[in-house]
Amino acid sequence: MGMDSMRFASTNRLAPEVTLAEALLQGQAPDRGLYLPVTVPSFTREDFAALRNGSYPEVASIVLRKFTLGTFPDDDLDAMCQRAYDFDVPLEQVDTRRYIMRLDRGPTASFKDFAGRMMGQMFGKLRENASNRLVILTATSGDTGSAVAQAFYRIPNIEVAVLFPPAEVSDRQRKQMTTLGENITPIAVEGKFDDCQALVKQAFADDTLRGIQLTSANSINIGRLMPQIVYYVYAAVRIAPENDPVIISIPSGNFGNMMGALLAMRMGVPIEKIVIATNTNDEVPKFFETGVYQKIVPSRHCLSNAMNVGHPSNFARVLALYGGWMDETGTIRQMPDMTHMKSELWATGVNDDDTRLTIQSAWQKNRLLLEPHGATGWLGLQRYLDENPSSSTAVCIETAHPAKFPEEIEKLLGFTPEAPPSLAKVEQKKENYRTMPADYNAFRELILETYGS
Ligand SMILES: *Cc1c(COP(=O)(O)O)cnc(C)c1O
């Protein structure tokens, strides 16, 4: 381990600092906090010159190198970025100053592929010469499980078991997990998502499974955040080549995506404002307004369903970057510097009616095709610009492909968006999965039988 290699500390301040490899494999810190780099690295002038001319995988390598120094050799990292990012990242100009960046061309057509694909590469590299298998257990209500399955497919020395509630996932989501085979074991649990989650939790706590190396690849892993810095850097250097400040608008739920933009800003990318658009799970916009944080329990069901989060776990990281402290229960133990925070971030909540109107108006005015998550971000940007006139260039993030919402788009616009090849491909493939009752003993047996030596 080189002297320069990065250290990571927990937001709960009680766990010892760790290396990148440790933070990746642990996920959550032992004090139940979330890992953040102790010091955020910065870009140099030479970096900016290289970033401006780089392809997406090249930009990814320049950005990620700042964090992986001492963990992955640069040549390995270059190859990992090439393998992870073998799909398009369209940056479309909508009018003179507004762009949309589509992060929907990965294997599961959502931005979660960007982190998933890189995590697959990083875990694979860390486990390259391991003598045993690492087993990733994950419970899903649809999107996360399919992204994890696609990301870790065929990664050596890694096995993935995905538990899903068959009644709650769409046909397409199920097929993205069940048509892979090899190291991916999809398990239909006769129950709800909560049952799947409970089974996974119980397995992690089960001492009799100690002989099998189990881990989770959940949304709070630091490995999710670093790849999500890359596309903000990529967009900024392209839409503002003179290093002028840009405005970025992000549809947000668990606040992992916006954390990428915030870290990009701290690394020296000129960002004028980060606009955070939530749906009516608007606990964060309310906090900005009132200084009082109140979780929304249970979370509200909205059209932008991947953002139905009443208490975003990454918000603890956001507060930490402004000197605050939120513990694992969601209690703020130390207030952040609100003035500093509001000078960089701006938040708004968008309801379903306004989301639908935005899908229609974006299409009518600009021939811009949006799905519910991206529409939330697009309206958030509009609201910000209405209140804060600015001559800066702005980019809004589209986080999913419109073809994932065929009924809604058909209702609003009168046509069905064409599925991208990644989604269409799974339709013809053969499915293979096991079915199991929501019973821990059955699950334990299955783990032992599948992964025990
Ligand atoms: C997960 C997800 C989001 C929310 O991202 P966070 O990082 O949780 O804020 C937005 N849109 C889509 C399509 C998603 O899948």
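Residues numbered from 1 in each chain as written. Predicted model: local features only at pLDDT ≥ 70, side-chain atom pairs only at ≥ 80, totals over all residues. Heavy atoms only, no water.

Caption draft 1: Just the environment of Asp-76, in detail. With respect to the helices, strands and loops of the structure, Asp-76 is situated in helix α4 (residues 74–84). C-alpha separation for the pair Asp-76 and Leu-446, spaced 370 residues apart in sequence, amounts to 35 Å. (Helix = DSSP H or I, 4+ residues; strand = E, 2+ residues; numbered from the N terminus.)

Caption draft 2: Quick peek at the pattern of salt bridges. The tally for this structure, following the rule as stated, stands at 29 salt bridges. For Arg-65, the salt bridge identified is with Asp-78, shortest N-O distance 3.3 Å. Pair noted here: Arg-65 is in helix α3 (residues 56–68) and Asp-78 is in helix α4, with a separation of 13 residues, a long-range link. Accessibility expressed as a relative area gives 31% for Asp-78, which makes it partly exposed. Arg-133 serves as the salt-bridge partner of Glu-159, at 3.5 Å between the closest nitrogen and oxygen. (Salt bridge = Lys/Arg side-chain N within 4 Å of Asp/Glu carboxyl O. Buried < 20%, exposed > 50% of the residue type's maximum accessible area, 1.4 Å probe, protein only.)

Caption draft 3: Spatial organisation of the environment of Ile-359. Examined against the element boundaries, Ile-359 turns out to sit in helix α15 (residues 352–366). Relative accessible area serves as the criterion here: at 0%, Ile-359 is assigned to the buried category. The spacing of Ile-359 and Trp-378 is 19 residues in sequence and 9.1 Å in space, taken between C-alpha atoms.

Caption draft 4: Layout of the domain arrangement of the protein chain. Its domain assignment divides the protein chain into domain 1 (90–105 + 226–413) and domain 2 (107–218 + 420–453). In this structure, domain 1 and domain 2 have C-alpha centres spaced 29 Å apart. Taken together, the contacts link 14 residues of domain 1 with 14 residues of domain 2. Between domain 1 and domain 2, a total of about 1,200 Å² is buried, with carbon and sulfur atoms accounting for 66% of that surface. (Domains from an automatic or database assignment. Contact = heavy atoms within 4.5 Å. Buried area = accessible area lost by both parts, 1.4 Å probe.)

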